[in-house]
Amino acid sequence: PDEYGGIDTMANERENNTNYTIYENGPLGEVQIANEVVAIIAGIAATEVDGVAAMAGDVQKELVSKLGMKVLSKGVRIAFEDSGIRVDLSIILEYGCSIPEVTAAVQERVKNSIETMTGLKVVDVNIRVADVKIDNE
């Protein structure tokens, strides 16, 4: 996949150890969150912002989507760093919207959603506007 094509499958997740441990010795045991879960949260949060038409992804992932497999993390890349999580998003905006306003809203929504749902700290939300959707009415 391209650099914003999303997170790989669970097989790759096991090979690359792309889980983040929240609690190692919690009261009832260990709690881990997969990168894919964080990517899905980010993708959903971004598309909830007015002015975002869709997430952008690579052609292969889009074909998989059309064949019936829902890829909610399309256009999202997650990196766990010592200081927190870095999120890279590639989005498609609606024509006529304010790019600075919409992208700022996406950054805030993604950061708040990930931090609220996972308890993890988000240090960066980087956005690439990949395309503009023009309605042909």
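Residues numbered from 1 in each chain as written. Predicted model: local features only at pLDDT ≥ 70, side-chain atom pairs only at ≥ 80, totals over all residues. Heavy atoms only, no water.

Focus: a nonpolar patch on the surface
Item 1. A contiguous nonpolar patch, built from Tyr95, Ile99, Val129, Val132 and Ile134 and spanning about 480 Å² of accessible area, is present on the exposed surface.
Item 2. Take Tyr95: it is sitting in the loop between strand S5 (84-94) and helix H4 (99-118). (Patch = residues over 30% accessible without salt bridge, like charges linked within 9 Å, V, L, I, M, F, W, Y side chains within 5 Å. Areas by Shrake-Rupley, 256 points an atom, 1.4 Å probe, with all protein chains shown as cover. Salt bridge = Lys/Arg side-chain N within 4 Å of Asp/Glu carboxyl O. Helix = DSSP H or I, 4+ residues; strand = E, 2+ residues; numbered from the N terminus.)

Topic: helix H2 (residues 35-47)
Item 1. The end-to-end C-alpha distance of H2 is 18 Å, a good match for the 18 Å that 13 residues give at a rise of 1.5 Å each.
Item 2. Regarding H2, the residues found buried are Asn35, Val38, Ala39, Ile41, Ala42, Gly43, Ala45 and Ala46.
Item 3. Those residues of H2 that are buried are in contact with strand S2 (29-34), strand S3 (52-55), strand S4 (76-81), S5 and H4. (Expected span 1.5 Å × (residues − 1). Buried < 20%, exposed > 50% of the residue type's maximum accessible area, 1.4 Å probe, protein only. Contact = heavy atoms within 4.5 Å.)

Section: the environment of Glu108
Item 1. Within the secondary structure layout, Glu108 lies in helix H4.
Item 2. On the accessibility criterion, Glu108 (43% relative accessible area) is partly exposed.
Item 3. Residues Glu108 and Val125, spaced 17 residues apart in sequence, show a C-alpha to C-alpha distance of 8.4 Å.

Topic: the nonpolar core
Item 1. Among the nonpolar cores identified, the biggest contains 24 residues, and Val76, Val87, Leu89, Val106, Val110 and Ile114 are the most heavily contacted of them.
Item 2. Of all elements in the fold, only H2, S3, S4, S5, H4 and strand S6 (122-133) reach the threshold of two or more residues within this core.
Item 3. Looking at this core, the element that brings in the most residues is H2, giving six residues. (Core = buried A, V, L, I, M, F, W, Y, C linked by side-chain atoms within 4.5 Å.)

Brief notes about the side chain of Asp88
Item 1. Position of Asp88 among the secondary structure elements: in strand S5.
Item 2. For Asp88, a relative accessible area of 3% translates into the label buried.
Item 3. Reaching out from Asp88, the side chain makes a polar contact with the side chain of Arg77 at a distance of 2.7 Å. (Polar contact = N/O pair within 3.5 Å; in protein donor to acceptor, adjacent residues only side chain to side chain.)

Overview of H4
Item 1. Between its first and last C-alpha, H4 extends 28 Å over 20 residues, near the 28 Å set by a 1.5 Å rise per residue.
Item 2. Residues of H4 that are buried include every one of Val102, Thr103, Val106, Val110, Ser113, Ile114 and Thr118, and no others. Along the long axis of H4, the arc covered by the buried residues comes to 100°, so they all point the same way. In H4, the exposed positions that point more than 90 degrees away from the buried face belong to Pro100, Glu101 and Thr116.
Item 3. With its phi angle positive at about 80°, Gly119 sits one or two positions after the end of H4. (Arc of directions from axis to C-beta.)

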